[in-house]
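Each chain is listed here by its residues.
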Amino acid sequence: MEKVNWSRHWGSLVGCLVVNLLVYFFLVDCSQKTPLRRILSNVKDQESRDVKLYTSHQQVVVDNGIVQVILSRPEGDVLGIKYNGISNLLEDRNERDDRGYWDVVWNQGVRDGMVERIAGTNFTIITENKDQVELSFTKTWTKGGVPLNVDRRYILRRGISGFYTYAIFERLEGWPKVDLGQIRAVFKLKKDRFQYMALSDDKQRIMPTQRDREHSPALAYPEAVLLTNATNPKVRGEVDDKYQYSSEVKDDKVHGWVSLDPPVGFWIITPSAEFRSGGPTKQELTSHVGPTALSMFMSTHYSGKDLEMKFEDGEPWKKVFGPIFVYLNSASTENDSQKLWENAKEQMLIEVDSWPYNFTQSRDFPSADQRGTVAGQLLVRDQYISKRLIWGRSAYVGLATPGEVGSWQRESKGYQFWTQADNEGQFVIKNVRPGDYNLYAFVPGFIGDYKNDTKITITPGGEVKMGALVYEPPRHGPTLWEIGIPDRTAAEFHVPDPNPTLINRLYNNHSEKFRQYGLWDRYADLYRDQDLIYTVNVSDYRKDWFFAHVNRNINNGTYESTTWQIKFELVNVNKNGVYTLQLALASATAAEVQVRFNDPSPKPAHFSTGYIGRTMPSQGMESMGCIGFTALIQSRSGYTFQGVMYDYLRLEGPPGA
């Protein structure tokens, strides 16, 4: 299952003073409750060293007195990061090209994806002055390897505790076809220092080591292991799986690692998601055992080949990934380690407020005055809920490449710009790159996707006012019953406790308990004698609707399909009327849902989704008939990971009923 790291020697009294000042201001914070934002500004306001650049045949060193970055020449890999008295935050026992690098997964339709490290063949100094150094490491395609030109950039600025990195990927006309499945930056940190990982306020923990994983048995897939031989008793007996630490794109603005001795933080800050794929609810990897910090620019994780970038013969293309900010901070004592996370969040807000950056030197990255704005209001029309228009409260509204309804979920070649509307559906999308877009949206509480058919052309400095837009979600009649909440997830349904021998303690009593390992097999434990039966007006979907319609484990690695029943009673049935079942999926893998009314056995089924290889939240499907009993059959069986996760089900009566 398929499912980056993230220095001339200090040798200077000024450099030591900068570090001492940072420690001093953390102490001030402890005693006087100085706001963390002010800590940052106080440090930056102090006299700092000029940015210095030193080059040799094999490497390049950039130093601003706070952080020193060493890069291989001409490849452009990060060999070392010196900070706060630590000679290298990266694992310098790794090979030179296995510390901080970019890579891409690609294929040309002949074999599974090949992983290729992006290695430059030419080094250029873009900017060199006392305030900033920007460096370029370019790879030019000739023959062999992934047919891409890549210009990878690094920026170090005066007084800034970290560095920026971005890359321009390009294909020229006439180049051969290729599919891209993943683009990422990878930072592999020092194993004996970085053992604490922080992804959010409530997702932080001491992590096992790579050695712990290597000496522990794999579970149903190689990424998941049971830590039977962990050296740290705090993690011994738990499950470790990098997919447990995934996050939705909209929530992944800062994550990283903490060294407790000395207390130093290493953070990946992503101030904008405009260059990421699949929209705001796309799940992506963050950090995992290594210790490894990732910046995922695009991937097929959780979505499959639908999100591959597929280029035909001769198709040109260009896209800028980043910049991201690799931020470093420190504290005075080990007990202040939590302050490193709080400080990283403050720095993230500073970076978000500074987007788009005005210091990048590539013409392919437009500044704020070269971008545009789109504003409007989204309303919802559903006559069975209200005779008046309904505000599109908290709607997600975005601009993406022109396409079909919902196509933004599968779009990866272009840029996307998303915002969340206020309580009245008002929205403003700022800092949009020039180009042609469609406007898309989805509204929590309503099924389906909205698309405005107008082609929106953004010009530098332009402002497009869309006015009031009206979304009419799928609806054929009044609601007779409903199961779940239309929010593109299955989180509201019953998520069982994991097998007590297969837990990750991070997710005990956690809102994301669904990330625990092995929950698919808990279905057979809970429904030993018969499959799920849900009785309308009696059952409670929060307790009685299993979060995933999976196959039943009948031991020996054998799984059989399952049939769920929804029982309900209708009075005053209109025998000539049409009743509609709205079925919205949150996710599916190698599955097929068959719907049968009243009798679970007739063939063919009254409705079938057909085979679903892998899908993201669907805009909903409809099946019609006269019914008093519904059977949902996940008919595909054969291996463990087949099934669907329902978002929402609704039975509608005949129109006008």
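Scanning the protein chain from terminus to terminus reveals 6 helices and 44 strands. Accessible area of the protein chain: about 27,500 Å², with a carbon and sulfur share of 47%.

The next thing to look at is the pairing of strand S5 (residues 100-107). Most of S5 is tucked away, with 8 of its 8 residues classed as buried. Neither face of S5 is open: one carries Gly100, Trp102, Val104 and Trp106, the other Tyr101, Asp103, Val105 and Asn107, and all of them are buried. In the sheet, S5 pairs with strand S6 (residues 114-117) via 4 bridges, with the strands oriented antiparallel. Within S6, the position partnered with Val105 by the bridge is Val115.

What the second largest cavity holds in volume is close to 60 Å³. Taken together, Val62, Val69, Leu71, Val133, Leu135, Tyr154, Ile155, Leu156 and Phe163 make up the full set of residues lining the second largest cavity. Those elements giving two or more residues to the lining of the second largest cavity turn out to be strand S3 (67-72), strand S8 (132-139) and strand S9 (149-157). Classifying every residue of the lining of the second largest cavity by side-chain character gives 9 nonpolar, no polar and no charged.

This part is about the packing of aromatic side chains. Counting across every chain of the model gives 45 aromatic pairs. Centroid distance Trp355 to Tyr357: 5.3 Å. Interplanar angle 65°. Geometry classified as edge-to-face. Of the two residues, Trp355 and Tyr357, neither departs from the other in class, the shared state being buried. Between the aromatic rings of Trp545 and Tyr646, the centroid separation amounts to 5.8 Å while the plane-to-plane angle is 70°, which identifies the pairing as edge-to-face. Taken together, the residues Trp545 in the loop between helix H6 (541-544) and strand S34 (549-550) and Tyr646 in strand S44 (residues 643-652) connect sequence positions 101 residues apart. What makes Tyr646 buried here is its relative accessible area of 1%.

The full count for this structure, using the stated rule, is 40 salt bridges. For Arg152, the salt bridge is made with Asp77, and the minimal N-O distance between the two is 3.6 Å. Of this pair, Arg152 sits in strand S9 while Asp77 sits in the loop between S3 and strand S4 (78-83); the two residues are 75 residues apart in sequence, bridging distant segments of the chain. The burial state of Arg152 is the same as that of Asp77; both residues are buried. In this structure, the salt-bridge partner of Lys282 is Glu284, at a minimum N-O distance of 3.2 Å. Accessibility expressed as a relative area gives 5% for Lys282, which makes it buried.

Let's shift gears to the sheet that holds strand S23 (residues 317-330). Strand order in the open sheet formed by 9 strands is S7-S8-S9-S10-S23-S18-S17-S12-S13, with antiparallel pairing between adjacent strands. Either end of the sheet is taken by a strand with one partner, and the two such strands are strand S7 (122-128) and strand S13 (203-206). On average, adjacent strands in this sheet sit at an angle of 15° to one another, irrespective of strand direction. Bridge analysis of strand S12 (residues 194-200) against strand S17 (residues 254-260) gives 4 bridges, and the strand direction is antiparallel. When the sheet's bridge partners are listed, Tyr196 is paired in S17 with Val258. In the packing of helix H4 (residues 337-353) onto the sheet, contacts are made with strand S10 (162-171), S12, S13, S17, strand S18 (263-269) and S23, and the angle to S18 comes to roughly 30°.

Within the secondary structure, Thr270 sits in the loop between S18 and strand S19 (283-284). The residues contacting Thr270, other than those within four sequence positions of it, are Asp252, Lys253, Phe275, Arg276 and Ile324.

What follows concerns the sheet that holds strand S29 (residues 435-442). An order of S27-S26-S29-S30 is seen for the 4 strands of this open sheet, with the pairing classed as antiparallel. Each end of this open sheet is capped by a strand with a single partner; those strands are strand S27 (417-420) and strand S30 (450-458). Strand-to-strand twist of the sheet, defined as the mean angle between neighbouring strand axes without regard to direction, takes the value 20°. Bridging between strand S26 (residues 396-400) and S29 involves 5 bridges; their strand directions are antiparallel. Across the sheet, residue Gly398 finds its bridge partner in S29, namely Tyr440.

On to the environment of Asp487. Structurally, Asp487 is set in the loop between strand S32 (479-484) and helix H5 (522-526). Along the backbone, Asp487 and Ala584 are 97 residues apart, and their C-alpha atoms lie at a distance of 9.7 Å. For Asp487, the residues in contact, after removing those within four places along its chain, are Glu492 and Asp647. Separated by 3.1 Å, the side chain of Asp487 and the backbone nitrogen of Thr489 make a polar contact.

Turning to the environment of Ala605, a few remarks are in order. In this fold, Ala605 is placed in the loop between strand S39 (593-597) and strand S40 (607-608). With 26 residues separating them in the primary sequence, Ala605 and Ala631 have C-alpha atoms 9.8 Å apart.

Here the focus is the confidence of the model for the protein chain. Overall, the prediction assigns the protein chain a mean pLDDT of 89, with 90% of residues at 70 or greater. This model gives residues 1-47 a pLDDT under 50, and the stretch forms 116 contacts once residues within four places in sequence are excluded.

Here we come to the environment of Ile269. By the element assignment, Ile269 lies in strand S18. Between the C-alpha atom of Ile269 and that of Val254, which follows or precedes it by 15 residues, the distance is 4.5 Å.

Turning to H4, a few remarks are in order. Between the first and last C-alpha of H4 there are 25 Å, a value that for 17 residues agrees with the 24 Å anticipated at 1.5 Å per step. Looking at H4, one finds that the buried residues are Leu340, Trp341, Asn343, Ala344, Gln347, Met348, Ile350 and Glu351.

Moving on, we come to unusual backbone geometry. Residue Pro291 follows Gly290 across a cis peptide bond; omega there is -5°. Along the chain, Pro291 turns up in the loop between strand S20 (287-288) and strand S21 (292-299). Of note, Asn509 is a non-glycine position whose phi angle comes to about 55°, a positive value. Backbone geometry places Ala590, a non-glycine residue, at a positive phi of 45°. On the basis of relative accessibility, which here comes to 4%, the residue Ala590 falls in the buried class.

How each quantity is defined
Just so you know, the residues in each chain are numbered from 1, in the order the chain's sequence is written. A pLDDT threshold of at least 70 governs which residues receive local features in this predicted model, and a stricter bar of 80 or more applies before side-chain atom pairs are shown or counted, although totals over entire chains, interfaces and linings include all residues. Derived side-chain values reflect all non-hydrogen atoms in the structure, with water molecules and hydrogen atoms excluded from consideration. Each helix is a run of H or I in the DSSP string that is no shorter than four residues. Each strand is a run of E no shorter than two, and both are numbered from the N terminus. Surface exposure here means Shrake-Rupley accessible area, sampled with a 1.4 Å probe, where a residue is shielded only by the protein chains that are shown. Buried residues are those whose accessible area, probed at 1.4 Å on protein chains only, stays under 20% of the maximum for their type, while exposed residues exceed 50% and partly exposed ones sit between those limits. Being paired, for any two strands, means DSSP has found at least two bridges between them. Of the grid points, spaced at 1 Å and generated over the protein atoms alone, those admitting a 1.4 Å probe that cannot get out make up cavities, while open sets with protein on both sides within 12 Å along at least five of seven lines make up pockets; any residue with an atom within 4 Å of a point is treated as lining. Grid points are joined across faces, edges and corners, and a volume is the space filled by probe spheres set on the points. Gly is put with the polar residues, along with every residue not named as nonpolar or charged; the nonpolar set is Ala, Val, Leu, Ile, Met, Phe, Trp, Tyr, Cys and Pro, and the charged set is Asp, Glu, Lys and Arg. Ring geometry is summarised as follows: Phe, Tyr and Trp rings, the Trp one being its six-membered ring, pair when their centres sit within 6.5 Å, and such pairs are stacked at plane angles under 30 degrees, edge-to-face over 60 and tilted between the two. Whenever Lys or Arg places a side-chain nitrogen within 4 Å of a carboxyl oxygen from Asp or Glu, that contact is recorded as a salt bridge. Here the axes come from fitting lines to C-alpha atoms, over the contacting stretch only for helices, and the angles between their N-to-C directions go from 0 to 180 degrees. Should any heavy atoms of two residues lie within 4.5 Å, those residues are considered in contact. Think of a polar contact as two N or O atoms within 3.5 Å of one another; within protein, one of them needs to be a possible hydrogen donor and the other a possible acceptor, and neighboring residues in sequence only count if both atoms come from side chains. Confidence of the predictor at the level of single residues is captured by pLDDT, which takes values from 0 to 100. In this scheme, a helix's expected span is set at 1.5 Å multiplied by one less than its residue total.

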